[in-house]
Amino acid sequence: SQKIEQNSEALNIQEGKTATLTCNYTNYSPAYLQWYRQDPGRGPVFLLLIRENEKEKRKERLKVTFDTTLKQSLFHITASQPADSATYLCALYNSNYQLIWGAGTKLIIKP
Amino acid sequence: DAGVTQSPTHLIKTRGQQVTLRCSPKSGHDTVSWYQQALGQGPQFIFQYYEEEERQRGNFPDRFSGHQFPNYSSELNVNALLLGDSALYLCASSLAPGWGSDGYTFGSGTRLTVV
């Protein structure tokens, strides 16, 4: 069956360091993969989209990589700040144009 | 520029009752998608509306139905509520269905509790 897996354990990072989150998928061949941020009690906020023919995408302190051979995307936040603390979700389209989501990884940046 | 607006923010219903949730999309967006998010889980796709028609549907029973109005706003209806329907219901809007390359804009959701 099709699955998206994100690390269910919270990730604790010291302020100023780089946080790296992982999204693995099976039985998909997505053309796009998206990353969202979600704060408690709020809806997800779109961060970045990466296409299958792109190896890397950057936006300010954010960087996303997409390895279609490994079926994996990595999401990096450089120079992390306490305000970056949130749950980060990856999502991809299945063949029916439906957005399928991982369960998210909670990121905690400690001052 | 108003984002996605959902109402109500919180709702408590009894098993067996019916509920209607409402969504106004971001200005300029014409497509509305609904998601159910249980605590600690990612959103689950319910359905998507475009041009007042249901274009895609996820793996949800017929108790879940929806509607889109000419002004692009949308409603989600759930009949015969079950305890398991308790969740955060999210509305997302976009410009046109399909392979949205700009991501979706989400509302803050409606927290539904069924008792």
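Before reading further, recall that the structure is shown in the block above.
Anyway, here's the lowdown on the structure attached to this text. If you're wondering where the values come from, they're calculated on a predicted model, not measured in any experiment.

Counting secondary structure elements, chain B contains 0 helices and 11 strands. Its C-alpha atoms give chain B a radius of gyration of 13 Å, within 12% of the compact-globule value 13 Å for 115 residues. C-alpha atoms of chain B, sized along the principal axes, occupy 35 × 25 × 25 Å. Restricting the contact set of chain B to residue pairs at least 6 apart, pairs at least 24 apart contribute 54%. Carbon and sulfur atoms make up 48% of the accessible area of chain B, which totals about 5,400 Å². The average position of the 8 basic charges and that of the 10 acidic charges among the side chains of chain B differ by 12 Å.

With that settled, consider the interface of chain B and chain A. Listed per partner, the contact involves 22 residues of chain B and 21 residues of chain A. Between chain B and chain A the total buried area reaches about 1,800 Å² when both faces are included, carbon and sulfur atoms providing 56% of it. Our count for the contact surface shared by chain B and chain A stands at 6 residue pairs in polar contact (both at pLDDT 80 or more). At the level of secondary structure, the elements contributing two or more residues to the side of chain B that touches chain A comprise β4 (31-37), β6 (53-57) and β9 (87-94) of chain B.

Residues and elements named next belong to chain B. Checked against the element boundaries, Asn-77 lands in strand β8 (residues 74-78). Taking the relative accessible area as the measure of exposure, Asn-77 reaches 15% and is therefore buried. Sequence-wise, Asn-77 and Leu-88 are 11 residues apart; in three dimensions their C-alpha atoms are separated by 14 Å. Excluding residues that lie within four positions of it along the chain, Asn-77 makes contacts with Gln-18, Val-19, Thr-20, Arg-63, Phe-64, Ser-65 and Gly-66. A polar contact is formed between the side chain of Asn-77 and the side chain of Thr-20, at a distance of 2.7 Å.

Moving on to unusual backbone geometry. At the junction of B:Ser7 and B:Pro8, the peptide bond is cis and its omega measures out at -10 degrees in the coordinates. Take B:Pro8: it is sitting in the loop between β1 (5-7) and β2 (10-13). The phi angle at A:Ala79 is positive, at roughly 45 degrees, despite the residue not being glycine. With phi around 45 degrees, B:Ala80 is a residue other than glycine that occupies positive phi space. If you trace the backbone, B:Ala80 turns up in the loop between β8 and β9.

Below, the discussion takes up the nonpolar core. Judged by nonpolar contacts, the single largest core of 23 residues is most densely connected at A:Leu33, A:Trp35, A:Phe75, A:Tyr88 and A:Leu107. Listed by contribution, the elements that provide at least two residues to this core are β3 (19-26), β4 (32-38), β5 (45-51), β7 (62-67), β8 (72-77), β9 (86-93) and β11 (105-110) of chain A. With residues near it in sequence (within four places) discarded, A:Phe75 still touches A:Ala19, A:Thr20, A:Leu21, A:Trp35, A:Leu47, A:Leu62, A:Lys63, A:Val64 and A:Tyr88. One finds B:Val19, B:Trp34, B:Ile46 and B:Leu76 within the second-largest nonpolar core, a separate group that totals 20 residues.

The next thing to look at is the state of the cysteines. What is meant by a disulfide is a covalent connection between two cysteines, made through their sulfur atoms. Applying the stated rule across the entire model yields 2 disulfides over all chains. Note on cysteine connectivity: A:Cys23 is disulfide-linked to A:Cys90, with sulfurs 2.0 Å apart. Negative torsions about the S-S bond denote left-handed disulfides, and the value of about 65 degrees found for A:Cys23 with A:Cys90 makes this one right-handed. With A:Cys23 in strand β3 and A:Cys90 in strand β9, the pair connects residues that are 67 residues apart, well separated along the chain. Both residues of the pair, A:Cys23 and A:Cys90, count as buried. Across a sulfur-sulfur distance of 1.8 Å, B:Cys23 and B:Cys91 are joined as a disulfide pair. With the S-S dihedral at roughly -60 degrees, the linkage between B:Cys23 and B:Cys91 falls on the left-handed side. Here the residue B:Cys23 occupies a position in strand β3 (residues 19-24), and B:Cys91 occupies one in strand β9, the gap between them amounting to 68 residues. Relative accessible area serves as the criterion here: at 2%, B:Cys23 is assigned to the buried category. With relative accessibility at 0%, the residue B:Cys91 sits in the buried group.

Cut-off values and rules
Residues numbered from 1 in each chain as written. Chains lettered and ligands numbered in written order. Predicted model: local features only at pLDDT ≥ 70, side-chain atom pairs only at ≥ 80, totals over all residues. Heavy atoms only, no water. Helix = DSSP H or I, 4+ residues; strand = E, 2+ residues; numbered from the N terminus. Rg over C-alpha atoms; globule rule 2.2 N^0.38 Å. Contact = heavy atoms within 4.5 Å. Areas by Shrake-Rupley, 256 points an atom, 1.4 Å probe, with all protein chains shown as cover. Lys, Arg positive; Asp, Glu negative; His and termini not counted. Charge placed at Lys NZ, Arg CZ, Asp CG, Glu CD. Buried area = accessible area lost by both parts, 1.4 Å probe. Polar contact = N/O pair within 3.5 Å; in protein donor to acceptor, adjacent residues only side chain to side chain. Buried < 20%, exposed > 50% of the residue type's maximum accessible area, 1.4 Å probe, protein only. Core = buried A, V, L, I, M, F, W, Y, C linked by side-chain atoms within 4.5 Å. Disulfide = S-S within 2.5 Å.

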